[in-house]
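Each chain, letter by letter, is given below.
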Amino acid sequence: MKSKINNFSLAYDIAGEGLPLLFIHGYPLGRSLWESQMSDLSRSVQTISPDLRGHGESEAVFSQYSIESLADDCIQLLDNLEITQPIIICGLSMGGYVAFALYRKYRSRIAGLILTATRAAPDTPEGKVNRKKAIDLALSEGPKAIANSMLPKMFAPATYVNNPSLVKKIHNMMESTSVQGIIGALNAMKNRPDSTHLLKEINVPVLIIHGNQDQLIPVTEAQEMQLLIANSEIVTLENAGHLPNLEQSTLFNQALKQFLTRF
Ligand code: MLT
């Protein structure tokens with residue numbers, strides 16, 4: 001489905017009824033990341049998953065924007081759908097950065113958070129340099145080069161070797177992201193604020209899920225986040241890397257269902 005958000009068209013899926021659960025994908029992916037969660041969880045709650053601007057089937061926006069802009073897009077989508085009741089947000093990696101931005105700006109609309117494969121800390125100086133290199137790569141060689149440079153780090157080593165169909169699915173998802181979407185997201189991530197101080201202010205239930213073999217965001221960062229959020233629990237999934245919802249989808253979905261019993 002498509003929804004008009006300010007000056008661009010945003011693609012999304014919606015299914016089920018009841019408590020709204022908004023899934024926000026990571027970079028440079030799309031809403032199909034959440035297929036397994038959407039089909040399983042929409043039997044008990046209302047699931048909504050957008051393609052962030054410039055990703056998947058959503059149009060790109062040709063001006064510089066921030067992670068907060070992506071959060072604003074999500075709220076505009078909810079408004080268009082007339083969803084006013086507080087929602088649960090499940091954000092993966094960059095989707096987690098968007099979840100923090102949503103909590104910072106729209107906390108009355110949030111009933112709970114599921115933070116997966118993400119971090120509260122901002123980019124390090126070295127990380128910012130790498131964003132610039134990735135922007136140059138996207139401009140000179142396109143999304144395929146970005147996909148090739150990222151793919152091995154997205155999974156636990158065993159997933160990468162033993163699950164070629166999953167690796168291909170993620171490759172295709174990355175390759176279909178527009179250059180503008182890649183650049184927009186890289187700039188937004190590079191400039192995102194530190195959310196560490198926010199952790200102590202979060203007063204809704206929080207579930208943190210992290211793969212124990214995440215090569216992009218070490219599991220220790222998730223453990224540190226958990227210590228700072230009062231009403232939080234952490235589930236560490238074995239044999240999962242940066243995409244635990246795909247690499248260990250059954251256990252991931254179980255953890256979500258267990259968490260949702262709290263609402
Ligand atoms: C993501 O998976 O969304 C990104 O790798 C996060 C990041 O680069 O900081």
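Structure: see above.
Model, not experiment: these values are computed from the prediction.

A.B. asks: What should I look at first to understand the pattern of salt bridges in this one?
C.D. replies: Think of it this way: side chains of opposite charge can pair up when their charged atoms draw near. Under the counting rule described, the total for this entry stands at 16 salt bridges. Note that Arg-31 is salt-bridged to Asp-51, the shortest N-O span being 2.6 Å. Within this pair, whereas Arg-31 is found in the loop between β3 (20-24) and α1 (35-41), its partner Asp-51 is found in the loop between β4 (46-50) and α2 (67-80), the two being separated by 20 residues in sequence. Overall, Arg-31 belongs to the buried group, its relative accessible area being 12%. Where Asp-73 meets Arg-53, a salt bridge forms, and the shortest distance between an N and an O atom there is 2.7 Å.

A.B. asks: What am I meant to see in the packing of aromatic side chains here?
C.D. replies: We describe a pair of aromatic rings using the distance from one ring centre to the other and the angle between the two ring planes. In the structure shown here, the tally under the stated rule is three aromatic pairs. Aromatic pair Phe-259 and Phe-263: ring centres 5.3 Å apart, planes at 70°, arrangement edge-to-face. By relative accessible area, Phe-259 is classed as buried at 1%. Phe-263 gets classed as partly exposed once you look at its relative accessible area, which sits at 37%. Of note, Arg-53 hangs over the ring of Tyr-65, and the distance from its end group to the ring centre comes to 4.4 Å.

A.B. asks: Please clarify how the environment of Asn-191 should be interpreted in this entry.
C.D. replies: As for its placement among the helices and strands, Asn-191 is situated in the loop between α8 (179-190) and α9 (196-199). Here Asn-191 falls in the partly exposed class, since its relative accessible area comes to 47%. Considering only alpha carbons, one finds Asn-191 and Ile-67, 124 residues apart in sequence, at a separation of 8.3 Å.

A.B. asks: I would appreciate a short explanation of the side chain of Ser-58 in the present structure.
C.D. replies: Position of Ser-58 relative to the elements: it lies in the loop between β4 and α2. The class for Ser-58 is buried, based on a relative accessible area of 7%. Reaching out from Ser-58, the side chain makes a polar contact with the backbone oxygen of Asp-51 at a distance of 2.6 Å. Apart from the residues within four sequence positions on either side, Ser-58 is in contact with Ser-9, Leu-10, Ala-11, Asp-51, Leu-52 and Arg-53.

A.B. asks: Would you take a moment to explain the site of the ligand for this structure?
C.D. replies: Around the ligand sit Gly-26, Tyr-27, Ser-93, Met-94, Tyr-97, Arg-131, Met-189, Leu-216 and His-242, and that is every residue in its neighbourhood. In this structure, Tyr-27 approaches the ligand through a main-chain N or O atom, which is 2.8 Å from an oxygen atom. One nitrogen or oxygen atom from the side chain of His-242 is found 2.8 Å from an oxygen atom belonging to the ligand. The cavity where the ligand resides is the largest pocket. Taken together, the residues of the shell around the ligand break down into five nonpolar, three polar and one charged.

A.B. asks: Whenever I open this one, the sheet that holds strand β5 (residues 87-92) confuses me. Can you help?
C.D. replies: Within a sheet, neighbouring strands are paired by backbone hydrogen bonds and run either parallel or antiparallel to one another. If you walk across this open sheet you meet the eight strands as β1-β2-β4-β3-β5-β6-β7-β8, and the pairing is mixed. On the outer flanks of this sheet lie β1 (2-5) and β8 (232-237), each paired with one strand and no other. Here the strands of the sheet are splayed against their neighbours by 25° on average, with no regard to which way each runs. One ladder, built from six bridges, connects β5 with strand β6 (residues 110-116); its direction is parallel. Residue pairing in the sheet places Cys-90 in a bridge with Ile-114 of β6. Strands in contact with helix α12 (residues 249-260) are β3, β5, β6, β7 (206-211) and β8; relative to β7, the strand with the most contacts, it is inclined by about 170°.

Conventions and cut-offs
- Residues numbered from 1 in each chain as written.
- Predicted model: local features only at pLDDT ≥ 70, side-chain atom pairs only at ≥ 80, totals over all residues.
- Heavy atoms only, no water.
- Salt bridge = Lys/Arg side-chain N within 4 Å of Asp/Glu carboxyl O.
- Helix = DSSP H or I, 4+ residues; strand = E, 2+ residues; numbered from the N terminus.
- Buried < 20%, exposed > 50% of the residue type's maximum accessible area, 1.4 Å probe, protein only.
- Phe/Tyr/Trp six-rings, centres within 6.5 Å; stacked < 30°, edge-to-face > 60°.
- Lys NZ or Arg CZ within 6 Å of the ring centre and 35° of its normal.
- Polar contact = N/O pair within 3.5 Å; in protein donor to acceptor, adjacent residues only side chain to side chain.
- Contact = heavy atoms within 4.5 Å.
- Near = heavy atom within 4 Å.
- 1 Å grid on protein atoms, 1.4 Å probe; cavity = no way out; pocket = protein on both sides within 12 Å on 5 of 7 lines; lining within 4 Å.
- Sits in = over half its atoms within 2 Å of the grid points.
- Nonpolar A, V, L, I, M, F, W, Y, C, P; charged D, E, K, R; others polar.
- Pairing = 2+ DSSP bridges.
- Axes fitted to C-alpha atoms, helices over the stretch in contact; angles between N-to-C directions.

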